[in-house]
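Chain by chain, the residues:
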Amino acid sequence: MIEKIIAFCSRQPVFVVLATIFGIGWGIYSLNRIPLDAIPDLSDPQVIVLTEWKGRAPDLIEDQITYPIVSSMVAAPKVTDVRGYSMFGLSFVYVLFEEGTDLYWARSRTIEYLAKIREQLPEGANPALGPDASGVGWVLQYSIVDESGRNSIEDLRSFQD
């Protein structure tokens, strides 16, 4: 089959040149007409709430900052998920909105709901919105759980590895 194609191309050089010029022209035409997005954002709109409360333990941050913010944000309109993370001196709350929600609308709703609970937060803890961000980093999260109780923590770690 390949021999026949090569033989045809060697007998018809004008056809090969015309087909090549047509292919290049079609490629340039298509390249100029196709809509491109350099980095497509496949994630839902999200708003990050960052609260700094220096020198406090994660459990205290969780109880007095993260939990009240998460509880408040769950009630906001078009919210699909709220994820809270507490660490030494910091609380991060990721508020995810329905697909297609305008990011700036979502940010303004988040500010409204934060204003309602600001007085419930401890003194010195001032929540602020994080930068406009994408959820592309949330590619995959999983946990290995042994509901049967037959495997030790070491076994689960071996499964993970």
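Summary of the structure given here. The numbers attached to residues start from 1 for each chain and follow its sequence in the written order. Restriction of local features to residues with pLDDT of at least 70 applies here, the model being predicted, together with a cutoff of 80 or more for giving and counting side-chain atom pairs; totals for whole chains, interfaces and linings are based on all residues. With hydrogens and water stripped out, all remaining heavy atoms of the structure feed into the side-chain values.

## A closer look at the pairing of strand β3 (residues 90–97)
Our working definition: Between buried and exposed lies partly exposed: a residue is buried under 20% and exposed over 50% of the maximum accessible area for its type, with that area taken using a 1.4 Å probe on protein chains only. Starting at the N terminus, helices and strands are each numbered in turn, a helix being any DSSP run of H or I of at least four residues and a strand any DSSP run of E of at least two. Here a strand pair is declared whenever DSSP counts at least two bridges between the two strands.
Counting buried positions along β3 gives six out of eight residues, so the element sits mostly inside the fold. Pairing of strand β1 (residues 46–52) with β3 involves seven bridges; the strand directions are antiparallel. Within β3, the residue paired with Thr51 across the bridge is Ser91. Judged from the eight bridges that link them, strand β2 (residues 79–87) and β3 form a sheet pairing that is antiparallel. By the bridge assignment, Asp81 is partnered in β3 with Leu96.

## Description of the nonpolar core
Note on soluble globular proteins: their nonpolar side chains tend to be buried together. The cut-off we apply is this: The definition of a nonpolar core used throughout is a set of buried Ala, Val, Leu, Ile, Met, Phe, Trp, Tyr and Cys residues joined through side-chain atoms within 4.5 Å.
Ile69, Met73, Val82, Val93 and Val95 are the most contacted members of the largest nonpolar core, which totals 20 residues. A total of five residues in this core trace back to one element, the largest contributor, which is helix α3 (residues 58–73).

## Regarding the sheet that holds β1
Consider a sheet: its strands pair through backbone hydrogen bonds, and that pairing is either parallel or antiparallel. What counts, and what does not: To define axes, lines are fitted to C-alpha atoms, for helices over the stretch in contact only, and angles between the resulting N-to-C directions are given on a 0 to 180 degree scale. In what follows, residue pairs with any heavy atoms lying within 4.5 Å of each other are defined as contacts.
An order of β2-β3-β1-β4 is seen for the four strands of this open sheet, with the pairing classed as antiparallel. At either end of the open sheet lies a strand with only one pairing partner, and these are β2 and β4 (126–129). For this sheet the average axis-to-axis angle between neighbouring strands, irrespective of direction, equals 20°. Pairing of β1 with β4, which is carried by four bridges, proceeds in the antiparallel orientation. In the sheet register, Val49 faces β4, and the bridge partner there is Leu129. Together, β1, β2, β3 and β4 form the strand contacts of α3, whose direction differs from that of β2 by roughly 170°.

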